[in-house]
Amino acid sequence: MSERAVLHVKGRILAGPDEVRDELWVVGGRISYDRPSAARDVRTVEGWVLPGLVDAHCHVGLDRHGAVPEDVAEKQALTDRDAGALLLRDAGSPSDTRWIDDREDLPKIIRAGRHIARTRRYIRNYAWEVEPDDLVAYVAQEARRGDGWVKLVGDWIDRDLGDLSACWPRGAVEAAIAEAHRLGARVTAHCFAEDSLRDLVEAGIDCVEHATGLTDETIPLFAERGVAIVPTLVNIATFPALADGGESKFPRWSAHMRRLHERRYDTVRSAYDAGIPVFVGTDAGGTLPHGLAPEEVAELAKAGLPPVEALAAGTWKAREWLGRPGLEEGAPADLVVYDADPRADLRVLTDPRRVVLDGRVVA
(Lines give C-alpha, C1' and ligand atoms only; values in the text may rest on other atoms or scores of the structure.)
Protein backbone atom coordinates (compact mmCIF):
# COMPACT_ATOMS: atom_id res chain seq x y z
CA MET A 1 0.00 0.00 0.00
CA SER A 2 1.46 3.37 -0.98
CA GLU A 3 2.20 6.11 1.51
CA ARG A 4 -0.76 8.14 0.20
CA ALA A 5 -3.21 5.24 0.00
CA VAL A 6 -6.38 5.33 2.05
CA LEU A 7 -7.58 2.09 3.59
CA HIS A 8 -11.33 1.53 3.66
CA VAL A 9 -12.31 -1.16 6.16
CA LYS A 10 -15.86 -2.48 5.74
CA GLY A 11 -17.93 -5.08 7.53
CA ARG A 12 -18.42 -5.17 11.29
CA ILE A 13 -16.03 -2.93 13.23
CA LEU A 14 -15.95 -4.13 16.84
CA ALA A 15 -14.96 -0.88 18.53
CA GLY A 16 -16.18 -2.42 21.80
CA PRO A 17 -17.95 -5.60 22.88
CA ASP A 18 -21.31 -3.94 22.14
CA GLU A 19 -20.19 -1.06 19.92
CA VAL A 20 -20.33 -2.15 16.30
CA ARG A 21 -19.82 0.10 13.29
CA ASP A 22 -20.13 -0.60 9.60
CA GLU A 23 -16.91 0.94 8.31
CA LEU A 24 -13.85 2.99 9.08
CA TRP A 25 -11.19 4.76 7.06
CA VAL A 26 -7.46 4.86 7.59
CA VAL A 27 -5.88 8.14 6.56
CA GLY A 28 -2.24 8.89 7.28
CA GLY A 29 -2.03 5.76 9.43
CA ARG A 30 -4.88 6.83 11.72
CA ILE A 31 -8.50 5.82 12.13
CA SER A 32 -11.34 8.02 10.95
CA TYR A 33 -15.04 7.31 10.92
CA ASP A 34 -15.59 10.09 8.38
CA ARG A 35 -15.15 9.42 4.67
CA PRO A 36 -12.16 11.41 3.39
CA SER A 37 -13.19 14.03 0.86
CA ALA A 38 -10.40 13.67 -1.66
CA ALA A 39 -9.13 10.10 -1.52
CA ARG A 40 -7.61 8.94 -4.81
CA ASP A 41 -5.81 5.72 -3.96
CA VAL A 42 -8.23 3.60 -1.90
CA ARG A 43 -7.77 -0.02 -0.86
CA THR A 44 -10.72 -1.90 0.63
CA VAL A 45 -10.57 -4.64 3.25
CA GLU A 46 -13.70 -6.44 4.46
CA GLY A 47 -14.47 -8.58 7.49
CA TRP A 48 -14.90 -8.56 11.26
CA VAL A 49 -12.49 -6.11 12.84
CA LEU A 50 -10.87 -6.01 16.28
CA PRO A 51 -8.24 -3.70 17.69
CA GLY A 52 -4.85 -5.41 17.62
CA LEU A 53 -4.65 -8.15 20.24
CA VAL A 54 -2.70 -7.55 23.45
CA ASP A 55 -0.17 -9.93 24.96
CA ALA A 56 0.29 -8.38 28.40
CA HIS A 57 3.05 -10.77 29.46
CA CYS A 58 5.73 -11.76 26.99
CA HIS A 59 9.48 -11.37 26.57
CA VAL A 60 10.84 -10.10 23.27
CA GLY A 61 14.59 -10.56 23.08
CA LEU A 62 14.71 -13.47 25.52
CA ASP A 63 14.90 -17.26 25.30
CA ARG A 64 15.54 -20.00 27.83
CA HIS A 65 19.21 -19.03 28.08
CA GLY A 66 18.91 -15.24 28.30
CA ALA A 67 19.25 -12.39 25.80
CA VAL A 68 19.05 -13.24 22.09
CA PRO A 69 20.48 -11.52 18.99
CA GLU A 70 18.41 -8.87 17.23
CA ASP A 71 17.47 -11.16 14.35
CA VAL A 72 15.93 -13.64 16.80
CA ALA A 73 14.07 -10.87 18.63
CA GLU A 74 12.78 -9.65 15.26
CA LYS A 75 11.39 -13.12 14.47
CA GLN A 76 9.70 -13.21 17.88
CA ALA A 77 8.03 -9.85 17.28
CA LEU A 78 6.98 -10.83 13.75
CA THR A 79 5.43 -14.06 15.07
CA ASP A 80 3.35 -12.07 17.55
CA ARG A 81 2.35 -9.61 14.86
CA ASP A 82 1.24 -12.29 12.42
CA ALA A 83 -0.91 -13.81 15.17
CA GLY A 84 -2.63 -10.43 15.54
CA ALA A 85 -0.87 -9.32 18.75
CA LEU A 86 0.04 -5.70 18.01
CA LEU A 87 0.53 -4.44 21.58
CA LEU A 88 2.97 -6.29 23.84
CA ARG A 89 3.80 -5.67 27.47
CA ASP A 90 7.33 -7.01 27.78
CA ALA A 91 7.36 -8.29 31.36
CA GLY A 92 11.13 -8.33 31.80
CA SER A 93 14.03 -8.75 29.41
CA PRO A 94 17.81 -8.29 29.57
CA SER A 95 17.79 -7.21 25.91
CA ASP A 96 17.65 -3.63 24.70
CA THR A 97 14.79 -3.73 22.20
CA ARG A 98 14.35 0.02 21.71
CA TRP A 99 15.29 -0.43 18.05
CA ILE A 100 11.88 -2.07 17.56
CA ASP A 101 10.22 1.28 18.20
CA ASP A 102 11.70 2.52 14.90
CA ARG A 103 10.13 -0.31 12.92
CA GLU A 104 6.64 0.45 11.61
CA ASP A 105 6.15 -3.22 10.74
CA LEU A 106 6.64 -4.53 14.30
CA PRO A 107 4.26 -4.51 17.28
CA LYS A 108 4.31 -1.73 19.83
CA ILE A 109 6.04 -2.69 23.08
CA ILE A 110 5.50 -1.47 26.64
CA ARG A 111 8.62 -2.47 28.57
CA ALA A 112 9.08 -3.31 32.24
CA GLY A 113 12.87 -3.10 32.08
CA ARG A 114 14.78 -6.12 33.32
CA HIS A 115 13.48 -8.52 35.98
CA ILE A 116 14.66 -7.79 39.52
CA ALA A 117 15.21 -10.96 41.54
CA ARG A 118 16.76 -12.10 44.79
CA THR A 119 20.30 -13.44 44.48
CA ARG A 120 20.28 -16.99 43.04
CA ARG A 121 16.49 -17.04 43.16
CA TYR A 122 15.58 -16.93 39.49
CA ILE A 123 16.51 -18.22 36.05
CA ARG A 124 20.17 -17.63 35.23
CA ASN A 125 20.96 -14.70 32.89
CA TYR A 126 17.45 -13.22 33.14
CA ALA A 127 17.39 -10.77 36.04
CA TRP A 128 19.32 -8.28 38.08
CA GLU A 129 19.99 -10.40 41.17
CA VAL A 130 20.16 -8.24 44.29
CA GLU A 131 19.60 -8.31 48.03
CA PRO A 132 16.83 -6.38 49.82
CA ASP A 133 19.01 -3.40 50.71
CA ASP A 134 19.54 -2.72 47.00
CA LEU A 135 15.97 -3.31 45.84
CA VAL A 136 14.84 0.33 45.88
CA ALA A 137 17.84 1.46 43.83
CA TYR A 138 17.28 -1.19 41.17
CA VAL A 139 13.56 -0.48 41.03
CA ALA A 140 14.34 3.20 40.45
CA GLN A 141 16.81 2.25 37.70
CA GLU A 142 14.32 0.02 35.86
CA ALA A 143 11.47 2.50 36.34
CA ARG A 144 13.54 5.04 34.44
CA ARG A 145 14.50 2.53 31.74
CA GLY A 146 11.06 1.03 31.21
CA ASP A 147 7.81 2.32 29.77
CA GLY A 148 5.86 2.78 32.97
CA TRP A 149 6.30 -0.69 34.49
CA VAL A 150 8.78 -2.51 36.77
CA LYS A 151 8.93 -6.29 37.19
CA LEU A 152 9.86 -8.02 40.46
CA VAL A 153 10.34 -11.73 41.04
CA GLY A 154 8.06 -12.18 44.03
CA ASP A 155 8.73 -15.84 44.77
CA TRP A 156 10.97 -18.66 43.60
CA ILE A 157 12.25 -21.98 44.85
CA ASP A 158 14.20 -21.76 48.10
CA ARG A 159 16.74 -24.59 47.96
CA ASP A 160 16.95 -24.82 51.75
CA LEU A 161 13.17 -25.26 52.05
CA GLY A 162 12.86 -27.32 48.90
CA ASP A 163 9.78 -25.32 47.89
CA LEU A 164 8.57 -21.95 46.64
CA SER A 165 8.84 -19.06 49.09
CA ALA A 166 8.64 -15.27 49.08
CA CYS A 167 11.81 -13.48 47.95
CA TRP A 168 11.50 -10.13 49.71
CA PRO A 169 10.75 -8.92 53.24
CA ARG A 170 7.66 -6.75 53.59
CA GLY A 171 9.57 -3.54 54.29
CA ALA A 172 11.70 -3.91 51.19
CA VAL A 173 8.75 -4.28 48.82
CA GLU A 174 6.88 -1.41 50.48
CA ALA A 175 9.82 0.92 49.91
CA ALA A 176 10.43 -0.37 46.39
CA ILE A 177 6.83 -0.03 45.25
CA ALA A 178 6.58 3.43 46.79
CA GLU A 179 9.69 4.49 44.84
CA ALA A 180 8.33 3.11 41.56
CA HIS A 181 5.06 4.96 42.09
CA ARG A 182 6.95 8.17 42.91
CA LEU A 183 8.67 7.83 39.53
CA GLY A 184 5.38 7.22 37.74
CA ALA A 185 5.79 3.49 37.15
CA ARG A 186 3.48 0.64 38.02
CA VAL A 187 4.85 -2.56 39.55
CA THR A 188 4.11 -6.18 38.75
CA ALA A 189 5.56 -9.38 40.18
CA HIS A 190 6.09 -12.96 39.18
CA CYS A 191 4.27 -15.07 41.80
CA PHE A 192 3.46 -18.77 41.61
CA ALA A 193 2.84 -19.55 45.29
CA GLU A 194 0.64 -18.27 48.07
CA ASP A 195 2.85 -16.70 50.71
CA SER A 196 4.14 -13.59 48.91
CA LEU A 197 0.76 -12.28 47.79
CA ARG A 198 -0.59 -10.51 50.85
CA ASP A 199 2.60 -8.53 51.47
CA LEU A 200 2.82 -7.45 47.84
CA VAL A 201 -0.79 -6.35 47.62
CA GLU A 202 -0.76 -4.53 50.94
CA ALA A 203 2.48 -2.85 49.84
CA GLY A 204 0.60 -1.38 46.88
CA ILE A 205 1.50 -3.57 43.92
CA ASP A 206 -0.47 -2.98 40.73
CA CYS A 207 -0.46 -6.42 39.12
CA VAL A 208 0.61 -10.02 39.72
CA GLU A 209 1.77 -12.36 36.99
CA HIS A 210 0.60 -16.00 37.01
CA ALA A 211 -1.14 -15.65 40.42
CA THR A 212 -1.64 -19.41 40.74
CA GLY A 213 -1.35 -19.05 44.53
CA LEU A 214 -4.54 -17.02 44.95
CA THR A 215 -6.78 -18.40 47.70
CA ASP A 216 -10.10 -17.61 49.31
CA GLU A 217 -8.18 -15.43 51.77
CA THR A 218 -6.28 -13.32 49.22
CA ILE A 219 -8.83 -13.06 46.39
CA PRO A 220 -10.97 -10.52 48.32
CA LEU A 221 -7.83 -8.48 49.05
CA PHE A 222 -6.94 -8.31 45.34
CA ALA A 223 -10.50 -7.33 44.48
CA GLU A 224 -10.66 -4.64 47.15
CA ARG A 225 -7.35 -3.07 46.03
CA GLY A 226 -8.05 -3.46 42.29
CA VAL A 227 -4.89 -5.49 41.70
CA ALA A 228 -4.91 -7.09 38.25
CA ILE A 229 -3.71 -10.56 37.36
CA VAL A 230 -2.25 -11.97 34.14
CA PRO A 231 -2.68 -15.74 34.60
CA THR A 232 -0.56 -16.95 31.61
CA LEU A 233 -2.49 -20.22 31.50
CA VAL A 234 -0.63 -21.44 28.41
CA ASN A 235 2.49 -21.31 30.58
CA ILE A 236 0.86 -22.86 33.66
CA ALA A 237 0.09 -25.85 31.42
CA THR A 238 3.81 -26.69 31.62
CA PHE A 239 3.78 -27.16 35.42
CA PRO A 240 3.36 -30.97 35.35
CA ALA A 241 6.43 -31.38 33.13
CA LEU A 242 8.41 -29.03 35.37
CA ALA A 243 7.28 -30.99 38.42
CA ASP A 244 8.35 -34.26 36.84
CA GLY A 245 11.78 -32.84 36.08
CA GLY A 246 12.34 -31.67 39.66
CA GLU A 247 10.76 -34.58 41.49
CA SER A 248 13.94 -36.31 42.63
CA LYS A 249 15.66 -33.18 43.93
CA PHE A 250 12.71 -31.14 45.21
CA PRO A 251 9.72 -33.43 45.87
CA ARG A 252 7.94 -30.85 48.02
CA TRP A 253 8.21 -28.23 45.28
CA SER A 254 7.05 -30.72 42.66
CA ALA A 255 3.93 -31.60 44.64
CA HIS A 256 3.20 -27.90 45.16
CA MET A 257 3.49 -27.16 41.42
CA ARG A 258 1.09 -29.98 40.62
CA ARG A 259 -1.49 -28.62 43.10
CA LEU A 260 -1.23 -25.15 41.61
CA HIS A 261 -1.72 -26.63 38.15
CA GLU A 262 -4.70 -28.76 39.15
CA ARG A 263 -6.65 -25.81 40.49
CA ARG A 264 -5.58 -23.26 37.86
CA TYR A 265 -8.96 -22.89 36.15
CA ASP A 266 -10.84 -22.66 39.44
CA THR A 267 -8.37 -20.02 40.63
CA VAL A 268 -8.88 -17.83 37.56
CA ARG A 269 -12.65 -18.22 37.60
CA SER A 270 -12.82 -17.34 41.30
CA ALA A 271 -10.67 -14.27 40.67
CA TYR A 272 -12.89 -13.15 37.80
CA ASP A 273 -16.08 -13.77 39.77
CA ALA A 274 -14.70 -11.64 42.61
CA GLY A 275 -14.14 -8.71 40.25
CA ILE A 276 -10.36 -8.95 39.89
CA PRO A 277 -9.22 -7.55 36.50
CA VAL A 278 -7.89 -10.43 34.37
CA PHE A 279 -5.80 -9.92 31.24
CA VAL A 280 -4.27 -12.02 28.47
CA GLY A 281 -0.57 -12.86 28.69
CA THR A 282 1.38 -15.84 27.37
CA ASP A 283 4.87 -15.68 28.96
CA ALA A 284 6.28 -16.23 25.48
CA GLY A 285 10.00 -15.81 25.02
CA GLY A 286 11.30 -17.94 27.85
CA THR A 287 10.53 -21.54 27.00
CA LEU A 288 7.31 -20.86 25.10
CA PRO A 289 7.05 -19.69 21.49
CA HIS A 290 5.57 -16.34 20.55
CA GLY A 291 2.22 -15.91 18.82
CA LEU A 292 0.08 -17.61 21.49
CA ALA A 293 -2.27 -14.74 22.39
CA PRO A 294 -5.28 -16.36 20.64
CA GLU A 295 -4.66 -19.58 22.56
CA GLU A 296 -4.53 -17.69 25.86
CA VAL A 297 -7.88 -16.04 25.13
CA ALA A 298 -9.31 -19.54 24.62
CA GLU A 299 -7.73 -20.70 27.90
CA LEU A 300 -9.42 -17.89 29.83
CA ALA A 301 -12.74 -18.98 28.36
CA LYS A 302 -11.98 -22.58 29.33
CA ALA A 303 -11.35 -21.33 32.87
CA GLY A 304 -14.89 -19.98 32.95
CA LEU A 305 -14.76 -16.39 31.74
CA PRO A 306 -17.63 -15.63 29.36
CA PRO A 307 -16.21 -15.70 25.83
CA VAL A 308 -16.74 -11.98 25.26
CA GLU A 309 -14.96 -11.22 28.56
CA ALA A 310 -12.06 -13.47 27.58
CA LEU A 311 -11.88 -11.58 24.28
CA ALA A 312 -12.03 -8.22 26.08
CA ALA A 313 -9.13 -9.35 28.31
CA GLY A 314 -6.95 -9.43 25.21
CA THR A 315 -8.41 -6.45 23.33
CA TRP A 316 -10.58 -3.57 24.55
CA LYS A 317 -10.10 -3.87 28.30
CA ALA A 318 -6.40 -4.72 28.02
CA ARG A 319 -5.72 -1.64 25.91
CA GLU A 320 -7.60 0.58 28.32
CA TRP A 321 -5.65 -0.89 31.26
CA LEU A 322 -2.34 -0.25 29.52
CA GLY A 323 -3.35 3.26 28.48
CA ARG A 324 -3.35 2.59 24.75
CA PRO A 325 -6.23 3.31 22.36
CA GLY A 326 -8.32 0.83 20.45
CA LEU A 327 -10.51 1.57 17.43
CA GLU A 328 -11.07 5.20 18.35
CA GLU A 329 -11.26 8.27 16.16
CA GLY A 330 -7.74 9.48 15.52
CA ALA A 331 -6.03 6.41 17.04
CA PRO A 332 -3.19 4.63 15.23
CA ALA A 333 -4.76 2.08 12.88
CA ASP A 334 -3.62 -1.13 14.60
CA LEU A 335 -6.30 -3.68 13.82
CA VAL A 336 -6.96 -7.26 12.81
CA VAL A 337 -9.55 -8.45 10.31
CA TYR A 338 -11.25 -11.85 10.58
CA ASP A 339 -13.65 -13.85 8.42
CA ALA A 340 -16.26 -14.29 11.17
CA ASP A 341 -17.39 -12.85 14.49
CA PRO A 342 -14.79 -13.71 17.17
CA ARG A 343 -17.36 -12.99 19.88
CA ALA A 344 -19.34 -15.98 18.67
CA ASP A 345 -16.38 -18.32 18.20
CA LEU A 346 -12.98 -17.58 19.74
CA ARG A 347 -11.34 -20.05 17.38
CA VAL A 348 -11.62 -17.35 14.71
CA LEU A 349 -8.71 -15.55 16.41
CA THR A 350 -6.21 -18.18 15.28
CA ASP A 351 -6.72 -17.31 11.59
CA PRO A 352 -6.64 -13.57 10.90
CA ARG A 353 -7.46 -12.52 7.35
CA ARG A 354 -5.48 -9.26 7.51
CA VAL A 355 -3.24 -7.55 10.04
CA VAL A 356 -3.00 -3.76 9.83
CA LEU A 357 -0.29 -1.91 11.77
CA ASP A 358 -0.07 1.90 11.70
CA GLY A 359 -2.45 1.82 8.76
CA ARG A 360 -0.42 -0.59 6.64
CA VAL A 361 -1.50 -4.10 5.75
CA VAL A 362 1.48 -6.07 7.04
CA ALA A 363 0.15 -9.63 7.10
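Residues numbered from 1 in each chain as written. Predicted model: local features only at pLDDT ≥ 70, side-chain atom pairs only at ≥ 80, totals over all residues. Heavy atoms only, no water.

Observations regarding the packing of helix 7 (residues 239–246) against helix 8 (residues 251–262)
What counts, and what does not: To obtain each axis, a line is fitted to C-alpha atoms, and for helices this fit is confined to the stretch in contact; angles are then taken between N-to-C directions over 0 to 180 degrees. Working definition: helices are DSSP H or I runs of at least four residues, strands are E runs of at least two. Numbering for both runs from the N terminus. Small angles under 35 degrees read as roughly parallel and large ones over 145 as roughly antiparallel, with 65 to 115 read as roughly perpendicular and the rest as oblique. By the convention used here, residues are in contact when the closest approach between their heavy atoms is within 4.5 Å. For this classification, Asp, Glu, Lys and Arg are treated as charged, while Ala, Val, Leu, Ile, Met, Phe, Trp, Tyr, Cys and Pro are nonpolar and the rest, including Gly, are polar.
Remark: helix 7 packs on helix 8, axes separated minimally by 8 Å, with the N-to-C direction vectors making an angle of 170 degrees. One way to sum up the angle between helix 7 and helix 8 is to call them roughly antiparallel. Between helix 7 and helix 8, the contacting residues are Phe239, Pro240, Leu242, Ala243, Asp244 and Gly246 on the first element and Pro251, Trp253, Ser254, Met257, Arg258, Leu260 and His261 on the second. Residues that form the contact of helix 7 with helix 8 fall into these classes: 8 nonpolar, 3 polar and 2 charged.

Some details on the packing of helix 2 (residues 135–145) against helix 3 (residues 170–182)
What counts here: Helix crossings get a hand from a simple test, with the near helix turned counterclockwise from the far one by less than a right angle marking a left-handed crossing and a clockwise turn marking a right-handed one.
As a packed pair, helix 2 and helix 3 sit with axes 9 Å apart at the nearest point and diverge in direction by 25 degrees. Compared by their axis directions, helix 2 and helix 3 come out roughly parallel. As helix 2 packs across helix 3, the resulting crossing turns out to be right-handed. Judged by residue contacts, Leu135, Val136, Val139, Ala140 and Arg144 of helix 2 engage Ala172, Val173, Ala175, Ala176, Glu179, Ala180 and Arg182 from helix 3.

Section: the nonpolar core
Note on soluble globular proteins: their nonpolar side chains tend to be buried together. So the rule is basically this: To qualify as a nonpolar core, a set must consist of buried Ala, Val, Leu, Ile, Met, Phe, Trp, Tyr and Cys residues joined through side-chain atoms within 4.5 Å. In this scheme, a residue with accessible area under 20% of its type's maximum is buried, one over 50% is exposed, and one in between is partly exposed, where area comes from a 1.4 Å probe on protein chains only.
The biggest cluster of nonpolar side chains holds 88 residues, and the ones touching the most others in it are Leu135, Ile205, Phe222 and Leu300. By residue number, the principal contributor to this core is helix 3, which donates 5 residues. Filtering out sequence-adjacent residues up to four positions away, phenylalanine 222 remains in contact with Leu197, Val201, Val208, Leu214, Val227, Ile229 and Ile276. Residues Val9, Ile13, Leu24 and Val45 belong to the second largest nonpolar core, which totals 15 residues.

Here's the deal with a positive patch on the surface
Test applied: Every patch collects residues that have over 30% relative accessible area and no salt bridge, joining them within 9 Å if they carry like charges and within 5 Å if they are nonpolar side chains (Val, Leu, Ile, Met, Phe, Trp, Tyr). All accessibility values rest on the Shrake-Rupley procedure with a 1.4 Å probe; residue burial counts only the protein chains present in the view. Each salt bridge in this description consists of a side-chain nitrogen of Lys or Arg and a carboxyl oxygen of Asp or Glu lying within 4 Å of one another. Under the counting rule used here, the positive set is Lys and Arg, the negative set is Asp and Glu, and His together with the chain ends is not counted. Every charge is mapped onto a representative atom, which is NZ of Lys, CZ of Arg, CG of Asp or CD of Glu.
Together, Arg120, Arg124, Arg159 and Lys249 give the surface a local cluster of positive charge. On the secondary structure map, lysine 249 appears in the loop between helix 7 and helix 8. Taking the relative accessible area as the measure of exposure, lysine 249 reaches 62% and is therefore exposed.

Overview of the environment of alanine 5
Examined against the element boundaries, alanine 5 turns out to sit in the segment before strand 1 (6–14). As for alanine 5 and glycine 359, which are separated by 354 residues in sequence, their C-alpha atoms are 9.4 Å apart. When sequence neighbours within four positions are dropped, the list of residues in contact with alanine 5 reads Val26 and Asp41.

A word on unusual backbone geometry
The phi angle at arginine 120 is positive, at roughly 60 degrees, despite the residue not being glycine. Mapped onto the secondary structure, arginine 120 falls in the loop between strand 10 (116–118) and strand 11 (128–130). Despite not being glycine, histidine 210 shows a phi value in the positive range, around 75 degrees. Overall, the relative accessible area of 4% leaves histidine 210 in the buried class.

Points about the sheet that holds strand 3 (residues 30–32)
The cut-off we apply is this: A pair of strands is labelled paired if DSSP reports no fewer than 2 bridges between them.
Ordered by their spatial adjacency, 7 strands build an open sheet running 3-2-1-4-18-19-20, and the pairing between neighbours is mixed. This sheet does not close on itself; its edge strands, each paired only once, are strand 3 and strand 20 (360–361). Here strand 1 runs beside strand 2 (residues 20–27); their pairing, made up of 6 bridges, is antiparallel. Opposite histidine 8, over in strand 2, you have tryptophan 25 as the bridge partner.

Overview of the confidence of the model for the chain
Stated precisely, the cut-off is as follows: For every residue, the predictor reports its confidence as pLDDT, a number between 0 and 100.
For the chain, per-residue confidence averages 96 on the pLDDT scale, and 99% of positions sit at 70 or higher. Across the chain, the element-wise mean pLDDT spans from 94 in strand 20 up to 99 in strand 17 (residues 228–230).

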